[in-house]
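# Working through the structure, step by step
Chain by chain, the residues run as shown.
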Amino acid sequence: LFYASLMALSFGLAQVYSRKLRSLDISLTNAFTGLFGFAILLIVSYFIEGDTVNNILSINFNSWLLISYQAIVVSLGAHLLMFYLYKFYTVGQIFPSYSLFPIFGIGLTFLIFGEIPTILFLIGSIIVLSSVFLLSKKTELKTIILPTRNKMVGISPNIKKVSPIPKIGNKE
């Protein structure tokens, strides 16, 4: 439970800090993320699993094709799109949709492999869908806008005109 909580915290911080990097080129951001992740995982794998080089050399061609698909389409493509969206939307607007990936995974597993989801998976799917629905409604209903350094934070794309926040005690 500790490691799962640490992973969730790290992932949440990564999403927030990724939003701060929106001025950088998304290809550059994704390339460095992959490069640092590869180096760190290779070192950790060496100490935890041992014999990393032989394990890598023993992977067959079909497995390399699946790994390549996972790396290029799933990781690279999805993260490039997510970093691109960070240039235009807040983390709160993007993350609810991003949180649907387990639902797509369960659905595709059913369609491709014919695996029937268990009751626990279905309950988890309902929880995820409910959370995404509630988060997206909260983002749409958000009407308070916080000014910071001449930028407006938390503006929904549905808001056409923003009026200034009135001062307390102002009788205009």
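Report follows, based on the coordinates. (Residues numbered from 1 in each chain as written. Predicted model: local features only at pLDDT ≥ 70, side-chain atom pairs only at ≥ 80, totals over all residues. Heavy atoms only, no water.)

### Notes on the packing of helix H1 (residues 2-20) against helix H4 (residues 61-86)
Contact geometry for H1 and H4: axes closest at 8 Å, N-to-C directions at 60°. With respect to H4, the element H1 is oriented oblique. At the point where H1 passes H4, the crossing takes the right-handed sense. Every residue of H4 that contacts H1 at Gln15, Ser18 and Arg19 is listed here: Met82, Phe83 and Tyr86. Counted by class, the contact of H1 with H4 contains 3 nonpolar, 2 polar and 1 charged residues. (Axes fitted to C-alpha atoms, helices over the stretch in contact; angles between N-to-C directions. Helix = DSSP H or I, 4+ residues; strand = E, 2+ residues; numbered from the N terminus. Parallel < 35°, antiparallel > 145°, perpendicular 65-115°, else oblique. Left-handed = near helix turned anticlockwise from the far one by under 90°. Contact = heavy atoms within 4.5 Å. Nonpolar A, V, L, I, M, F, W, Y, C, P; charged D, E, K, R; others polar.)

### A short note on the packing of helix H2 (residues 26-48) against H4
One can describe the packing of H2 onto H4 by two numbers: an axis separation of 9 Å at closest approach and a directional angle of 130°. Between H2 and H4, the crossing angle belongs to the class labelled oblique. The two elements H2 and H4 meet at a crossing, and its hand is right-handed. Along its contact with H2, which presents Ile26, Ser27, Thr29 and Asn30, the element H4 presents Leu76, His79, Leu80, Phe83 and Tyr84. Considering only residue class, the contact of H2 with H4 consists of 5 nonpolar, 4 polar and no charged.

### A few points about empty space enclosed by the protein
Under the defined criterion, the tally for this structure stands at 1 cavity of 30 Å³ or more. Reported here for the largest cavity is a volume of approximately 30 Å³. Considering the residues around the largest cavity, the lining is formed by Ser18, Leu21, Arg22, Leu24, Ile26, Thr29 and Phe83. Taken together, the residues of the lining of the largest cavity break down into 4 nonpolar, 2 polar and 1 charged. (1 Å grid on protein atoms, 1.4 Å probe; cavity = no way out; pocket = protein on both sides within 12 Å on 5 of 7 lines; lining within 4 Å. Points joined across faces, edges and corners; volume = space filled by probe spheres on them.)

### So, H4
Taking 1.5 Å per residue as the helical rise, H4 with its 26 residues ought to reach 38 Å, and the 36 Å between its terminal C-alpha atoms agrees with that figure. A bend of about 25° at Leu76 is the largest found in H4. For H4, the complete set of buried residues consists of Met82, Phe83 and Tyr86. On its buried side, H4 packs onto H1, H2 and helix H5 (91-98). (Expected span 1.5 Å × (residues − 1). Bend = angle between axes of the 7 residues up to and from the residue. Buried < 20%, exposed > 50% of the residue type's maximum accessible area, 1.4 Å probe, protein only.)

### Thoughts on helix H6 (residues 101-113)
The first and last C-alpha atoms of H6 sit 17 Å apart over 13 residues, in line with the 18 Å expected at 1.5 Å per residue. Following H6 by one or two positions, Gly114 adopts a phi angle in the positive range, close to 70°.

### Observations regarding the nonpolar core
By size, the foremost hydrophobic cluster in this structure holds 6 residues: Ile26, Met82, Phe83, Tyr86, Val91 and Ile94. Mapped onto this core, the elements with two or more residues apiece are H4 and H5. Sort the elements by how many residues they give to this core and H4 lands first, with 3 residues. (Core = buried A, V, L, I, M, F, W, Y, C linked by side-chain atoms within 4.5 Å.)

### A word on the side chain of Ser125
Looking at the element boundaries, Ser125 is found in helix H7 (residues 119-141). Here Ser125 falls in the buried class, since its relative accessible area comes to 12%. Apart from the residues lying within four places of it in its own chain, the contact partners of Ser125 are Ile103 and Ile106.

### Quick word on the packing of aromatic side chains
Going through the model one piece at a time under the given rule, you end up with 4 aromatic pairs. Ring geometry for Tyr84 and Phe88: centres 5.2 Å apart, planes at 70°, overall edge-to-face. Phe88 sits in the exposed class, given a relative accessible area of 52%. (Phe/Tyr/Trp six-rings, centres within 6.5 Å; stacked < 30°, edge-to-face > 60°.)

### Observations regarding a nonpolar patch on the surface
There is a patch of nonpolar side chains on the surface, built from Leu21, Leu24, Leu28, Phe32, Leu35, Phe36, Ile40, Ile43, Val44, Tyr46, Phe47 and Ile48 and spanning about 1,300 Å² of accessible area. The topology assignment puts Leu21 in the loop between H1 and H2. By relative accessible area, Leu21 is classed as partly exposed at 37%. (Patch = residues over 30% accessible without salt bridge, like charges linked within 9 Å, V, L, I, M, F, W, Y side chains within 5 Å. Areas by Shrake-Rupley, 256 points an atom, 1.4 Å probe, with all protein chains shown as cover. Salt bridge = Lys/Arg side-chain N within 4 Å of Asp/Glu carboxyl O.)

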